[in-house]
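Results of the structural survey
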Amino acid sequence: MLTNFHTHTFRCGHAQGTPADYVAQAIRDNADCLGFSDHCPFPHDEIDTWSEIRMSPEEMPSYLEDVRRAAKTAPFPVYAGFECEWSSRYASWYTDVLLGEQGAEYLILGAHWLSRGRKNVYAPRLADADSIRDYFSQTLEGIGSGLFRILAHPELIMADGLGWNRELAAGFADIIDAAMAQNMPLEINGYGLIKPPVQTAQGMRLQYPVDEFWRLAAQKGAKVICNSDAHTPDYVMRGAVNARNYAAKFSLDVVETIF
Ligand SMILES: [Zn+2]
Ligand SMILES: [Zn+2]
């Protein structure tokens, strides 16, 4: 089976292509299932939710409508969802608006930030032990909310070159345990596989996925899903294949679908 549940569109402002473009490519690539998960909008309030990298709340109906229209052209199921950040203040936004009123079919947790008052700090920029601990706590809370079907790029925090150490391993062990308790697959992210490598104290490596993390996930027997995180239509299924090739290096319990 060839599936992908992590797809962006032009609406987030840093990806290209319409839902129709992605579906057309997925048809050419013999996909069995496709899910759209563009960065969710947030209500306008005093918090800086990085509006420049996401659709506005006003655009949400058009996004979902575009996905549903494109779905009609596919010989396989196409699902409409969102990639979301966690903050408890948005719990009802997710349940009542995105999943409720708007009828999104799934949400994935892409924990890109650590909330600090009105600001949100990008995870790879976190360097000190306290911030990293806080980031893990916030992510654990998101996993525990039960609202999300996939934990996207779990090792995003390592993207700027953070080295593997005992504290990080302990934090990731908690993340993996929590995801397993929710029956939530961890994502091998195909987008990371085409990003420029990063310099670390231990030499060059991919920003993500990070081998140490996936060895730990394999050891624990976590469920894993291989997604492209496509930001261009050409990569919609190619990235999902790349992620599967990466997964093959470990003995991971790979699942093909969340539905
Ligand atoms: Zn994105
Ligand atoms: Zn994404």
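For every chain, the first residue of the written sequence is number 1, and numbering continues from 1 along that sequence. Going through the entries in the order they are written, you letter the chains from A and number the ligands from 1. Since the coordinates come from a predicted model, pLDDT governs what is reported: local features require at least 70, and pairs of side-chain atoms require 80 or more to be given and counted, while whole-chain, interface and lining totals use all residues.

**With respect to the overall build of the protein chain**
The secondary structure content of the protein chain amounts to seven helices and 11 strands. Radius of gyration here is computed from C-alpha atoms only, and the compact-globule reference equals 2.2 Å multiplied by the residue count raised to the power 0.38. Over its C-alpha trace the protein chain gives a radius of gyration of 17 Å, about what one expects of a compact globule, namely 18 Å for 259 residues. Each of the three principal axes of the protein chain carries a C-alpha extent, and together these read 50 × 45 × 35 Å. With C-beta atoms placed from the backbone, the exposure class of a residue follows from how many other C-beta atoms lie within 10 Å of its own: 20 or more, buried; 12 or fewer, exposed; in between, partly exposed. Split into buried and exposed, the 259 residues of the protein chain put 46% on the buried side. C-beta atoms are placed from the backbone for every residue, and two residues are taken to be in contact when these atoms lie within 7 Å. Look at the contacts in the protein chain between residues 6 or more apart in sequence, and 75% of them connect residues 24 or more apart. Strands are runs of DSSP state E lasting at least 2 residues, helices are runs of H or I lasting at least 4, and numbering of each runs from the N terminus.

**Notes on the sheet that holds strand β4 (residues 106-109)**
In this description, strands pair whenever DSSP reports at least two bridges between them. Pairing within the open sheet is parallel, and its four strands lie in the order β1-β2-β3-β4. Of all the strands in the sheet, the pair left with one neighbour each is β1 (3-4) and β4. In terms of strand pairing, β1 meets strand β2 (residues 33-39) through two bridges, oriented parallel. Counted as the bridge partner of Thr3 is Cys33 from β2.

**Some details on the nonpolar core**
The biggest cluster of nonpolar side chains holds 73 residues, and the ones touching the most others in it are Leu107, Leu109, Phe148, Ile150 and Leu151. What Leu151 contacts, discounting residues up to four positions off in sequence, is Leu109, Ile143, Ala179, Met184, Leu186 and Glu187. Buried Ala, Val, Leu, Ile, Met, Phe, Trp, Tyr and Cys residues form a nonpolar core when they are connected through C-beta atoms within 7 Å.

**Topic: the packing of helix α5 (residues 166-181) against helix α6 (residues 211-220)**
Packed helix pairs are characterised by how far apart their axes lie and by the angle those axes make with each other. Remark: α5 packs on α6, axes separated minimally by 10 Å, with the N-to-C direction vectors making an angle of 45°. It follows from the interaxial angle that α5 and α6 lie oblique. Our pair here, α5 against α6, has a crossing hand that is right-handed. Judged by residue contacts, Ala169, Phe172, Ala173, Ile176 and Met180 of α5 engage Phe213, Leu216, Ala217 and Lys220 from α6. Residue composition of the contact of α5 with α6, by class: eight nonpolar, no polar and one charged. Fitted lines through C-alpha atoms serve as axes, helices being fitted only where they are in contact, and the angles separating the N-to-C directions of these axes extend from 0 to 180 degrees. Geometric relationships in this document are graded by angle, where less than 35 degrees denotes roughly parallel, more than 145 denotes roughly antiparallel, 65 to 115 denotes roughly perpendicular, and other angles denote oblique. Here a crossing is taken to be left-handed if its near helix is turned anticlockwise relative to the far helix by less than a right angle, and right-handed if that turn runs clockwise. Ten residue types, Ala, Val, Leu, Ile, Met, Phe, Trp, Tyr, Cys and Pro, are classed as nonpolar, four, Asp, Glu, Lys and Arg, as charged, and the remainder, Gly among them, as polar.

**Some points on helix α4 (residues 129-144)**
Taking 1.5 Å of rise per residue, 16 residues should cover 22 Å, and α4 covers 22 Å from first to last C-alpha, within 8% of that figure. For α4, the full list of buried residues reads Tyr135, Phe136, Thr139, Gly142 and Ile143. The buried residues of α4 occupy one face: seen down the axis, they fall within an arc of 120°. One fewer than the residue count of a helix, multiplied by 1.5 Å, yields its expected span. Note that the arc is defined by the directions from the helix axis to the C-beta atoms.

**Section: the sheet that holds strand β7 (residues 186-189)**
Spatial strand order, β7-β10-β11: three strands in an open sheet with parallel pairing. Lying at the two open borders of the sheet, with one neighbouring strand each, are β7 and β11 (253-255). The average undirected angle you get between the axes of adjacent strands in this sheet is 40°. Note: strand β10 (residues 223-227) against β11, three bridges, orientation parallel. Of the residues in β11, the one forming a bridge with Ile225 is Val255. In the packing of helix α7 (residues 238-247) onto the sheet, the strands contacted are β7, β10 and β11, and the crossing angle to β10 comes to about 140°.

**Considerations on the pairing of β10**
With four of five residues buried, β10 lies mostly within the body of the structure. Pairing of β7 with β10 involves four bridges; the strand directions are parallel. Residue pairing in the sheet places Ile188 in a bridge with Cys226 of β10. Each parallel crossover has a hand, and the one from β10 via α7 to β11 is right-handed. Consider the strands pointing away from the viewer: the crossover is right-handed when the path from the first strand over the helix to the second runs clockwise.

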